[in-house]
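The primary structure of each chain is shown beneath.
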2 protein chains.
Amino acid sequence: MNAKKAEKISKALGDPNRLIIIQEIRKKGDPLYCCDIDNVLNLAQPSICHHMKLLTDTEIVISEKQGRNVRYTLNDKLLDEYIDFLKCLKKD
Amino acid sequence: MNAKKAEKISKALGDPNRLIIIQEIRKKGDPLYCCDIDNVLNLAQPSICHHMKLLTDTEIVISEKQGRNVRYTLNDKLLDEYIDFLKCLKKD
DNA sequence: TTTATATATTTAAATATTTCGATACATTTT
DNA sequence: AAAATGTATCGAAATATTTAAATATATAAA
């Protein structure tokens, strides 16, 4: 992973609401719908939508349209690549 | 590490200049002075200072005053804790 | 096919971040 | 003690991010 990508992911993770969203996806066992987040976050629907867009744009969260819902899952592979980037920042 | 701390670190890493600074500290073998960064970054001195403050506030970078210079090193321990936090976001 | 539900987009305001010039402070050198 | 050097702070402008109201779109249910 290059620095630009790591920067984007860091930025995506650098917000309290988005961290809660990610933890919620993780907690739910994975597949989670947009509306599930309404219950956890004290935000208007467009705000949640904005955060979801940010997370899916970086691909750290993957979205799949399912009927009129959207199903979200964590991109474990990309998370691993991000972790590897961070490990490289330490001594070899 | 709690989410609040992880958020701060993510935010600190979510900037191209700060990532360059961190990579530069890493590249240099570790101890690096503030003025070393002038050569790498196209930023005014107060801007660099601002970024260094942000990085040291989160403790991801450690500063030690040495004469009229400041010596910077990476906090590998905290980086590890951050990595552990990220690992917990994945499936157990 | 009208109505209801879930999500997305647009627009605008509030807030936060980034940047730099001016200046201050601390230490070292002369 | 004065000058030089390295870093920090203040204040302000430019830019980016976060938020929500209004509205749009897409699918499902009635």
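In case you missed it, the structure is sitting above this.
Residues numbered from 1 in each chain as written. Chains lettered and ligands numbered in written order. Predicted model: local features only at pLDDT ≥ 70, side-chain atom pairs only at ≥ 80, totals over all residues. Heavy atoms only, no water.

1. Some thoughts on the overall build of chain A
- Scanning chain A from terminus to terminus reveals five helices and three strands.
- Beginning at the N terminus, the succession of helices and strands in chain A can be written as α-α-β-α-α-β-β-α.
- C-alpha atoms of chain A, sized along the principal axes, occupy 45 × 20 × 20 Å.
- For chain A, restricting intrachain contacts to residue pairs at least 6 apart in sequence, the fraction spanning at least 24 positions comes to 55%.
- In the structure as shown, chain A presents an accessible area of about 5000 Å², 49% of it carried by carbon and sulfur atoms.
- In chain A, 16 positive and 14 negative side-chain charges are present, and the distance between their average locations comes to 2 Å. (Helix = DSSP H or I, 4+ residues; strand = E, 2+ residues; numbered from the N terminus. Contact = heavy atoms within 4.5 Å. Areas by Shrake-Rupley, 256 points an atom, 1.4 Å probe, with all protein chains shown as cover. Lys, Arg positive; Asp, Glu negative; His and termini not counted. Charge placed at Lys NZ, Arg CZ, Asp CG, Glu CD.)

2. Observations concerning the protein's contact with DNA strand D
- Taken together, the neighbourhood of DNA strand D is formed by 23 residues, with Ala-44, Ser-47 and His-51 of chain A together with Cys-35 and Gln-45 of chain B sitting nearest.
- Contact distances for DNA strand D include 3.0 Å between a sugar or linking oxygen and a side-chain N or O atom of Asn-69 of chain B.
- Of all elements in the fold, only helix H2 (16-27) and helix H4 (45-57) of chain A together with helix H3 (34-40), helix H4 (45-57) and strand S3 (69-74) of chain B reach the threshold of two or more residues within the surface near DNA strand D.
- Of the residues forming the surface near DNA strand D, the biggest block, five residues, is contributed by H4 of chain A.
- Here the surface near DNA strand D is built from residues that sort into ten nonpolar, seven polar and six charged. (Near = heavy atom within 4 Å. Polar contact = N/O pair within 3.5 Å; in protein donor to acceptor, adjacent residues only side chain to side chain. Nonpolar A, V, L, I, M, F, W, Y, C, P; charged D, E, K, R; others polar.)

3. Describing the pattern of salt bridges
- For the structure on display, the rule yields 18 salt bridges over all chains.
- The structure contains a network of salt bridges with shared partners spanning Lys-4, Glu-7 and Lys-11 of chain A. (Salt bridge = Lys/Arg side-chain N within 4 Å of Asp/Glu carboxyl O.)

4. Concerning the protein's contact with DNA strand C
- Near DNA strand C you find 23 residues, and of these Cys-35 and Gln-45 of chain A together with Ala-44, Ser-47 and His-51 of chain B are the closest.
- Contact between DNA strand C and Gln-45 of chain A: a base nitrogen at 2.7 Å from a side-chain N or O atom of the residue.
- A distance of 3.5 Å separates a phosphate oxygen of DNA strand C from a polar atom in the side chain of Asp-15 of chain B.
- Elements that contribute at least two residues to the surface near DNA strand C include exactly helix H3 (34-40), H4 and strand S3 (69-74) of chain A together with helix H2 (16-27) and H4 of chain B.
- Within the surface near DNA strand C, the residues separate by chemical class into eleven nonpolar, seven polar and five charged.

5. What to know about the relation of the copies chain B and chain A
- Mapping chain B onto chain A calls for a screw motion: a turn of 180° about the axis and a shift of 0.0 Å along it, with 0.0 Å RMSD after fitting. In the structure described here, the two chain copies are related by an operation that fits a two-fold rotation axis. Taking the C-alpha atom as reference, chain B places Ser-10 of chain B closest to the rotation axis, 2.4 Å from it.
- Take the interface residues of chain B: 100% of them recur as interface residues in chain A, which is what a same-surface contact looks like. (Least-squares fit on C-alpha atoms with pLDDT ≥ 70 in both.)

6. Section: the sheet that holds strand S1 (residues 32-33) of chain A
Residues and elements named next belong to chain A.
- Strand order in the open sheet made by the three strands is S1-S3-S2, with antiparallel pairing throughout. In the strand order of this sheet, the two ends are held by S1 and strand S2 (61-66), each with one partner.
- Here H2 sits on the sheet in contact with S1, S2 and S3, set at roughly 90° to S3. (Pairing = 2+ DSSP bridges. Axes fitted to C-alpha atoms, helices over the stretch in contact; angles between N-to-C directions.)

7. Describing the sheet that holds strand S2 (residues 61-66) of chain B
All names here are of chain B.
- Strand order in the open sheet formed by three strands is S1-S3-S2, with antiparallel pairing between adjacent strands. Across the chains shown, the open sheet's two edge strands, defined by having one partner strand only, are strand S1 (32-33) and S2.
- Judged from the two bridges that link them, S1 and S3 form a sheet pairing that is antiparallel. Paired with Leu-32 across the bridge in S3 is Tyr-72.
- Here H4 sits on the sheet in contact with S2 and S3, set at roughly 115° to S2.

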